Amino acid sequence: MKLETPIEYLKGVGPDKAKLLNKHLEIFTFGDLLEHYPFRYVDKTQVTQVVNIFPDSTNIQVRGVLSEITTAPMKRGQRMNAILTDETGSVELVWFQGVAYLKKYLQEGREYLIYGKPDFYKNRPTFKHPEMDLVDPNKQLTFADRISPVYPSSEKLKPRYLDSKGLSKLVNTLASKVSEQNFPEFLPKEILEDYALVRRFQAIKNVHQPESESWLEHARNRIKFNEFFYIQMNMHRLKLNQQEADGFLLEKLGDYFNSFYNDYLPFELTNAQKRVLKEIRRDTLTGRQMNRLLQGDVGSGKTVVALMTMLIALDNGFQACLMAPTEILAQQHFTGLQELLEPTGITIEILTGSIKGKRRKGILERTKSGETQILIGTHALIEPTVEFLNLGMVVIDEQHRFGVAQRAKLWQKNNRPPHVLVMTATPIPRTLAMTVYGDLDVSVIDELPPGRKPIRTVHRFDKDRITVFQFIREEIGKGRQIYIVYPLIEESETLDYKDLMDGFEAVEREFSPPEYRISIVHGKMKPVDKEMEMQRFVKGETQIMVATTVIEVGVNVPNASVMIIESAERFGLSQLHQLRGRVGRGAEQSYCILMTGHKLSSTGRKRLKTMVQSNDGFHIAEVDLKLRGPGDIEGTRQSGILDLKMANVTEDQTILQNARSAAAQILSKDPNLMSPENQALKLHLQQRRNKQEIDWSRVS
Ligand code: ADP
Ligand code: MG
C-alpha cells in the first residue's frame, strides 16, 4: 500500500465518489483517508429497548429481528419500509434512497443492530436511513467489534454511501494494512519513552480499529501530540529564522517623535500605551527584526501607538507603512493621521486599489524615491509594483484579516526585513496565542483611555422594536448618532441583502427627512459611494448608519452612542464584541442593543448572555473559544497555522505542554537537527512542509 495513491483507486471508491471525497472532505489519497479520524466512538453493547425510546432520544442503537420489508414507488425511485422488533416492542424503518441495493442486502428474520435518531409517527418510533449491522450470534465480540468509530461526513455524501458507516468500511480496508513502513516513526526513542507515546503506525491503526480501551486512548493521545508537536517545531523554526534575521537598528528618538509627543499629541498617553511603546523601543534597539503582536481591546488606542512607532522609524531615516484590511479603514487612518501630522511637515500618502492612473503613478514614484515618508493602504501595498526606498517599519492593523503569507511578502520588500507590528482587537486567549502566534512577541494594552463609561448592553426581541425606535429618537434628540447593523454571511448573501434593504426601508419609514437623515453602507456598493456615505456619518450629516458588517473593524465616530445589532444570534461572539466597540468611544453613556427573534439555540442564548454580562474582550474570547472550538477562531483557519484535526487547545492542555517540552528537549540539544537520531524527524518535517505547499495549490 502506498499512501500517495489517489483515493479513486481504493476498492469501492472509483472516480465519482473520489470527486465527492475530494470536494467535501478534502480526501485525495489513501493517506488522507487514514488521517480522516473518527470524532467519537459508539459502544455497540449500549442498546436501547424499544419501550425506552422517547421523542427526545438522540442517536441510539436498537437490536431486533427484521420483518415486513415492503417497497412502494415514489415520484423518483422507490421507498422501502421494514419493521424491527425486540422483546419490548417494534420500530419502523424507512429508506428513500439506495433501495435497490438494500433490498439485496437486508434479510427478513435475521437479527440486526441499527443506529440512528428516531422520529415519532403516530406514536411509533421511526428511523429514517438507519445504519444496519447484521448480528452474527456465533461470533465472539472483540473490543473492535463492540466499539464502532463515527466519522465526520456531510449531508451531500450520505446518499452515496459515504456516511460514517460507508467511510468506516473504506478506512478499514486500509487500516488493516497499515505498517511501520507507511508511517515510519520520526520521534527519537528517548522522546517516545519519556512521554509514553505509542508508535505512529500503531496510533493510526488503533484510532480506526482499536484493540482495547487503553490502545484507543494511547492512539488518540499520540495523534494529538503530533498535531501540537508540528506547530511547536514550526514556531521554533520561525523564531530561529527571525533571530538570525538582522533588523534595522533604530537608535535615535529624534525630532519627529519628541516634538509630536511634546507639542502635538492631543491627550496624555495611558500607562499601557507608554509601556507598549517602551517595549517596541527596546525591540528596535536590538539590531534584530521586531515581530510584535499588539493586542488591545477596541477603543484602547492602538492607532496612536502605531503612529509613534512609525515616527521612531522616520527619526532614523526610514519610511514606514500602515496596512489596514479595508478601504474605509485605510481612508480613516489616513484622514486621522494626516490631521495629527499636519504641523510636523511629514509627508503621508494613501494607496488603495481604487486609486488608479496618474495619481497612482505619482504615489508609487514618491514612495520609491523616499519622498513619501508614511504610506497608508490596503492589500494594495503588498503588490510588487509598490517599492520603497528604505522601508523600516510595517504596521498591520487588524491582523486576523491578513494571513501569514501576506506578512511574509511585506518582509520581502527590502533585502533586510523591516520591523513588523501587528495590531489586533480580537483578544486571543493565552492558550491559543501560545499555539498560534508563538512566533510573535506579544504586547497588551489592558487599559482604556480615561473617562470612558462602560457600554450598557441589553437583549431585546423583535416585538420590542417600538420601544427601541423610541429610544433611538431620544438619543438622536440629545445629539447622538446611531448604528444599525445587519448580518451578512457570504453563503446567503442575496438573502441578507434583502434583510438589509427591508430593514433599511423600515428604518426610513420611521425616521424620515428632514428631521432625520440616514446613511447606508454595504458590501455591494462601490468603494467611492461607501466612502461618501461613511464620511457623511463621520461628519455628523446623518444621524443613523444602516450597515452590514463592513463597519465591523476600526471605524471611529466618538459621537455615536447606540449600536443596534439585528439578528444578533447570527453573529459570533468576537464579532459582536467588535461591533459593540464602535460605540463608547466618547465621554457619553453608550448602549448596545442586541435584537433577536424568539427562537434561539442554546449556544445563541449563551452568546447573548455573555455579551450582556461582560465588556471584557478577553473573557469574551475565552467563552468564544469554548463555544466554538479553536478551529473557528477568525483568521486562524485561513492563516493555515492551526492544523488541528483531533487535538483541542482548551481540552488537551497537558498534551500541548508535553509537545512543547518535547520540542524544546530536542531542539535545545540539537537546534538544527543534525544528529543521527534526529534525521528521521528532519526528513518528516521537510516532507510535511512540501505536502502543505501542495495542499495550498489544491485550494487555489
Ligand atoms: P483602537 O485601539 O480600537 O484602534 P483607536 O486608536 O481608534 O482605538 O482609539 C480610540 C479613540 O481613543 C480615538 O478617538 C483616539 O483618539 C482616542 N484615544 C487614544 N488614546 C487616547 C488617550 N491616551 N487618551 C484619550 N483618548 C485616546
Ligand atoms: Mg483601530
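Predicted model, so just to flag it, every value in this text is computed and none were measured. (Residues numbered from 1 in each chain as written. Chains lettered and ligands numbered in written order. Predicted model: local features only at pLDDT ≥ 70, side-chain atom pairs only at ≥ 80, totals over all residues. Heavy atoms only, no water.)

A. Summary view of the overall build of the protein. In terms of helices and strands, the protein carries 24 helices and 22 strands. Across the 700 residues in the protein, those meeting the buried criterion constitute 51%. Intrachain contacts of the protein at a sequence separation of at least 6 include 72% that bridge at least 24 residues. Carbon and sulfur atoms provide 51% of the accessible area of the protein, an area that totals close to 33700 Å². (Helix = DSSP H or I, 4+ residues; strand = E, 2+ residues; numbered from the N terminus. Buried < 20%, exposed > 50% of the residue type's maximum accessible area, 1.4 Å probe, protein only. Contact = heavy atoms within 4.5 Å. Areas by Shrake-Rupley, 256 points an atom, 1.4 Å probe, with all protein chains shown as cover.)

B. Representation of the packing of helix 12 (residues 327-341) against helix 18 (residues 527-538) in the model. It is at 10 Å that the axes of helix 12 and helix 18 come closest, and there the two elements cross at 50°. Judged by the inter-axis angle, helix 12 sits oblique to helix 18. As helix 12 packs across helix 18, the resulting crossing turns out to be right-handed. Residues E327, I328 and Q331 of helix 12 lie in contact with helix 18, whose contacting residues are P527, K530, E531, M534 and Q535. Here the residues of the contact of helix 12 with helix 18 are counted per class, giving 3 nonpolar, 2 polar and 3 charged. (Axes fitted to C-alpha atoms, helices over the stretch in contact; angles between N-to-C directions. Parallel < 35°, antiparallel > 145°, perpendicular 65-115°, else oblique. Left-handed = near helix turned anticlockwise from the far one by under 90°. Nonpolar A, V, L, I, M, F, W, Y, C, P; charged D, E, K, R; others polar.)

C. Looking closely at unusual backbone geometry. The residue after P513, namely P514, is reached through a cis peptide bond having omega 5°. Structurally, the position occupied by P514 is in the loop between helix 17 (493-510) and strand 19 (518-521). The phi dihedral of Y161 is positive, around 55°, even though this residue is not glycine. With respect to the helices and strands, the residue Y161 is situated in the loop between strand 9 (147-150) and helix 5 (164-175). If you check the backbone angles, L673 has positive phi at about 50° while not being a glycine. L673 gets classed as buried once you look at its relative accessible area, which sits at 8%.

D. The arrangement of the pattern of salt bridges in detail. Scanning the entire structure with this criterion turns up 23 salt bridges. Here D133 ties to K165 by a salt bridge, and the two come within 3.8 Å at their closest N and O atoms. Of this pair, D133 sits in strand 8 (residues 131-134) while K165 sits in helix 5, and the two are 32 residues apart along the sequence. Look at D133 and you get partly exposed, because its relative accessible area is 26%. (Salt bridge = Lys/Arg side-chain N within 4 Å of Asp/Glu carboxyl O.)

E. Region of interest: the site of ligand 1. As a matter of local geometry, ligand 1 sits amid 16 residues, with E268, G299, K302, T303 and R452 nearest to it. In this structure, an oxygen atom belonging to ligand 1 sits 3.5 Å away from a main-chain N or O atom of S300. One nitrogen or oxygen atom from the side chain of K302 is found 2.7 Å from an oxygen atom belonging to ligand 1. Isolated, ligand 1 exposes 560 Å² of accessible area, and the fraction of that covered by the protein chains is 83%. (Near = heavy atom within 4 Å. Polar contact = N/O pair within 3.5 Å; in protein donor to acceptor, adjacent residues only side chain to side chain.)

F. Examining the pairing of strand 12 (residues 348-351) more closely. Burial of strand 12 is two-sided: the residues I348 and I350 facing one way and the residues E349 and L351 facing the other way are all buried. Summarising the sheet, strand 12 and strand 13 (residues 374-377) pair through 4 bridges and their orientation is parallel. Among the inter-strand pairings, E349 is bridged to a residue of strand 13, identified as L375. (Pairing = 2+ DSSP bridges.)

G. Examining the side chain of E279 more closely. Looking at the element boundaries, E279 is found in helix 10 (residues 271-283). Taking relative accessible area as the criterion, E279 reaches 17% and is therefore assigned buried. With residues near it in sequence (within four places) discarded, E279 still touches R292 and S443.

H. Quick peek at helix 23 (residues 653-669). Under the 1.5 Å per step criterion, the end-to-end length of helix 23 is 25 Å for 17 residues, consistent within 8% with the ideal 24 Å. When we look at burial in helix 23, the residues that qualify are I655, L656, A659, A662, A663, I666 and L667. Taken end-on, helix 23 shows its buried residues confined to a sector of 130°, consistent with a single buried face. Within helix 23, the exposed residues directed more than 90 degrees away from the buried face are T654, S668 and K669. (Expected span 1.5 Å × (residues − 1). Arc of directions from axis to C-beta.)

I. Here's a closer look at the sheet that holds strand 5 (residues 111-116). Taken together, 7 strands build an open sheet; the order of strands is 6-7-4-3-2-5-8 and the sheet is mixed. A single partner strand is all that each edge strand has here, and the edge strands are strand 6 (118-121) and strand 8. The average undirected angle you get between the axes of adjacent strands in this sheet is 40°. The pairing of strand 6 with strand 7 (residues 124-128) spans 4 bridges and is classified as antiparallel. When the bridges of strand 7 are listed, D119 appears paired with T126.

J. Structural detail: the packing of helix 9 (residues 255-264) against helix 11 (residues 302-315). Running from N to C, helix 9 and helix 11 cross one another at 145°; their axes reach a closest spacing of 7 Å. Across the interface between the two elements, D255, Y256, F257, F260 and Y261 of helix 9 pack against L307, M308, L311, I312, L314 and D315 of helix 11. Across the contact of helix 9 with helix 11, the residue classes tally to 9 nonpolar, no polar and 2 charged.

K. Expanded view of the packing of aromatic side chains. By the definition in use, this model includes 12 aromatic pairs. An angle of 25° between the planes, with centres 6.4 Å apart, marks the rings of F186 and F229 as stacked. A residue pair is termed long-range when its members are at least 10 positions apart, and F186 in the loop between helix 5 and helix 6 (189-194) and F229 in helix 8 (residues 213-244) qualify at 43 residues. As far as burial versus exposure is concerned, F186 and F229 are alike and both buried. When the centroid spacing of 6.0 Å and the interplanar angle of 35° are considered together, the rings of F186 and Y230 count as tilted. Taken together, the residues span a long stretch of sequence, with F186 in the loop between helix 5 and helix 6 and Y230 in helix 8 at a distance of 44 residues. Across this residue pair, the class does not change: F186 and Y230 are buried. What links up through ring pairs into an aromatic cluster is the set F186, Y195, F225, F229 and Y230. The residue whose ring lies beneath R222 is F186, and the NZ or CZ to ring-centre distance is 5.4 Å. In this structure, R688 packs its charged tip against the face of Y230, placed 3.6 Å from the ring centre. (Phe/Tyr/Trp six-rings, centres within 6.5 Å; stacked < 30°, edge-to-face > 60°. Lys NZ or Arg CZ within 6 Å of the ring centre and 35° of its normal.)

L. Layout of the confidence of the model for the protein. Taken as a whole, the protein shows an average pLDDT of 85; of its residues, 89% reach a score of 70 or greater. Of the regions scoring below 50 in pLDDT, residues 631-641 engages in 26 contacts with residues more than four places distant in sequence or in other chains. Within the model, pLDDT remains below 50 along residues 694-700, and this stretch shows 6 contacts once partners closer than five positions in the same chain are excluded. (pLDDT = per-residue confidence, 0-100.)

M. Examining the side chain of D397 more closely. Tracing the sequence through the fold places D397 in strand 14 (residues 391-397). We note that D397 is buried and unpaired, the nearest opposite charge coming from K302 at a distance of 5.8 Å. At a separation of 2.7 Å, a polar atom in the side chain of D397 contacts the side chain of H333. (Lys, Arg positive; Asp, Glu negative; His and termini not counted.)

N. Structural view of the sheet that holds strand 15 (residues 419-424). Ordered by their spatial adjacency, 7 strands build an open sheet running 12-13-11-14-15-10-16, and the pairing between neighbours is parallel. Two strands lie at the open edges of the sheet, namely strand 12 and strand 16 (441-445), each paired on one side alone. Across this sheet, the average inter-strand angle for adjacent strands is 20°, counted without regard to direction. Helix 11 rests against strand 10 (291-296), strand 11 (319-323), strand 13, strand 14, strand 15 and strand 16 of the sheet, and its axis sits at about 155° to strand 11. Each of strand 11, strand 12 and strand 13 touches helix 13 (residues 357-369); the most contacted strand, strand 12, lies at about 130° to it.

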